[in-house]
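Each chain, written out:
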Amino acid sequence: MKNELTLSFLAIEENEALARMAMTCFITPLDPTLEEISEFKTIVSEAVTNAIIHGYECDGKSLVKIHAVIEDRHIKMTVTDEGMGIFDVEQAMEPMFTTKPQMERSGMGFTIMESFADCIRVDSTLGNGTVVTFEKSFSPIIEVSRMR
């Protein structure tokens, strides 16, 4: 099975939930486990929240873009913003690092995303935005035999 989705939405905090739910619906045909759903939703949430809060500072007029491709039991997804960019990607990927300490944020979530994704890449240019790309494979579907 192959499927593809592109989604864009305004950079407001309420749209993080929209992105999380839309992407969860998109992977439903893969019949993911509850653990896989939880991990996937967390990755999406962290990446989108970073774009909204750190990339655009919740400006409510810029667009966050998601592009995802499912092939077999594997998804590759990008979350893109054309916002501020990240000064030092390596530093941003450290646990607990945040550009918004006044908002009582506990980091930018890259460590969490790394732990739940098969691979993650962050490309960023100051003043031009950030692209977070991650890949995740889902467990094979196990047929459950019926008891007679």
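Refer to the structure above for everything that follows.
Residues numbered from 1 in each chain as written. Predicted model: local features only at pLDDT ≥ 70, side-chain atom pairs only at ≥ 80, totals over all residues. Heavy atoms only, no water.

Student: Help me understand the nonpolar core in this model?
Tutor: Generally speaking, soluble globular proteins have nonpolar side chains that are buried together. Counting 35 residues, the largest nonpolar core has Phe40, Ile66, Met77 and Phe110 as its most contacted members. The set of elements that each furnish at least two residues to this core consists of strand E1 (2-10), helix H1 (15-27), helix H2 (34-55), strand E2 (63-71), strand E3 (74-81), helix H4 (110-116), strand E4 (119-125) and strand E5 (129-137). For this core, the element with the most residues is H2, which contributes eight residues. Beyond its immediate sequence surroundings of up to four residues, Met77 is in contact with Met23, Phe40, Val44, Ile66, His67, Ala68, Val132, Thr133 and Phe134. (Core = buried A, V, L, I, M, F, W, Y, C linked by side-chain atoms within 4.5 Å. Buried < 20%, exposed > 50% of the residue type's maximum accessible area, 1.4 Å probe, protein only. Helix = DSSP H or I, 4+ residues; strand = E, 2+ residues; numbered from the N terminus. Contact = heavy atoms within 4.5 Å.)

Student: Could you clarify how one ought to interpret the pattern of salt bridges in this entry?
Tutor: A side chain with one charge can pair with a side chain of the opposite charge if their charged atoms come near. In the structure shown here, the tally under the stated rule is four salt bridges. Salt-bridge contacts for Lys65 lead to Glu82; the nearest nitrogen and oxygen are separated by 3.6 Å. One end of the pair, Lys65, is in strand E2; the other, Glu82, is in the loop between E3 and helix H3 (89-92), with 17 residues separating them in the sequence. Residue classification places Lys65 among the partly exposed positions, given a relative accessible area of 32%. (Salt bridge = Lys/Arg side-chain N within 4 Å of Asp/Glu carboxyl O.)

Student: Before we go on, may I ask you to explain the pairing of E2 in this structure?
Tutor: What you see with E2 is a clean split: Val64, Ile66, Ala68 and Ile70 sit on the buried side and Leu63, Lys65, His67, Val69 and Glu71 on the side with no burial. Note that E1 and E2 share nine bridges and pair antiparallel. Considered in E2, the bridge of Leu5 is made with Ala68. Pairing analysis gives seven bridges linking E2 to E3, with the strands arranged antiparallel. If you follow Glu71 over to E3, its bridge partner there is His74. Connecting the antiparallel pair E2 and E3 is a turn made up of two residues, with Asp72 showing a positive phi of about 55°. (Pairing = 2+ DSSP bridges.)

Student: Looking at this structure, I do not really get H1. What am I missing?
Tutor: Think of an α-helix as 3.6 residues a turn; residues three or four steps apart then line up on the same face. An ideal rise of 1.5 Å per residue puts 18 Å on 13 residues; H1 measures up with 19 Å between its terminal C-alpha atoms. Residues of H1 that are buried: Asn15, Glu16, Ala19, Met23, Thr24, Phe26 and Ile27. (Expected span 1.5 Å × (residues − 1).)

Student: Sorry if this is basic, but what is going on with the sheet that holds E2 here?
Tutor: Strand pairing in a sheet relies on backbone hydrogen bonds, with the paired strands running either antiparallel or parallel. Taking strand neighbours across the sheet as the criterion, the five strands line up as E1-E2-E3-E5-E4 in an open arrangement whose pairing is antiparallel. In this open sheet, the two edge strands, each paired with only one partner strand, are E1 and E4. This sheet shows a mean twist of 10° between the axes of neighbouring strands, independent of strand direction. Strand contacts of H1: E1, E2 and E3, with the helix running at about 170° to E1, the strand carrying the most contacts. Here H2 sits on the sheet and contacts E1, E2, E3 and E5; the angle it forms with E5, its principal contact strand, is near 175°. (Axes fitted to C-alpha atoms, helices over the stretch in contact; angles between N-to-C directions.)

Student: What is the right way to look at the packing of aromatic side chains in this model?
Tutor: Any pair of aromatic rings gets described here by the distance separating the centres and the angle formed by the planes. Summed over all chains, the structure comprises two aromatic pairs. Through a chain of ring-to-ring contacts, three or more aromatic side chains come together here, namely Phe40, Phe134 and Phe138. (Phe/Tyr/Trp six-rings, centres within 6.5 Å; stacked < 30°, edge-to-face > 60°.)

Student: What is the right way to look at unusual backbone geometry in this model?
Tutor: A negative phi holds for most residues other than glycine; trans holds for most peptide bonds. The backbone of Asp31 sits at a positive phi, close to 50°, despite the residue not being glycine. One can find Asp31 in the loop between H1 and H2. The backbone of Glu57 shows a phi angle near 55°, a positive value even though the residue is not glycine. Relative to the elements of secondary structure, Glu57 occurs in the loop between H2 and E2.

Student: Whenever I open this one, the side chain of Glu36 confuses me. Can you help?
Tutor: Relative to the helices and strands, Glu36 is located in helix H2. Engagement of the side chain of Glu36 in a polar contact is seen with the backbone nitrogen of Thr33, the distance being 2.9 Å. Residues in contact with Glu36, not counting those within four places in the same chain, are Lys136, Ser137, Phe138 and Ser139. (Polar contact = N/O pair within 3.5 Å; in protein donor to acceptor, adjacent residues only side chain to side chain.)

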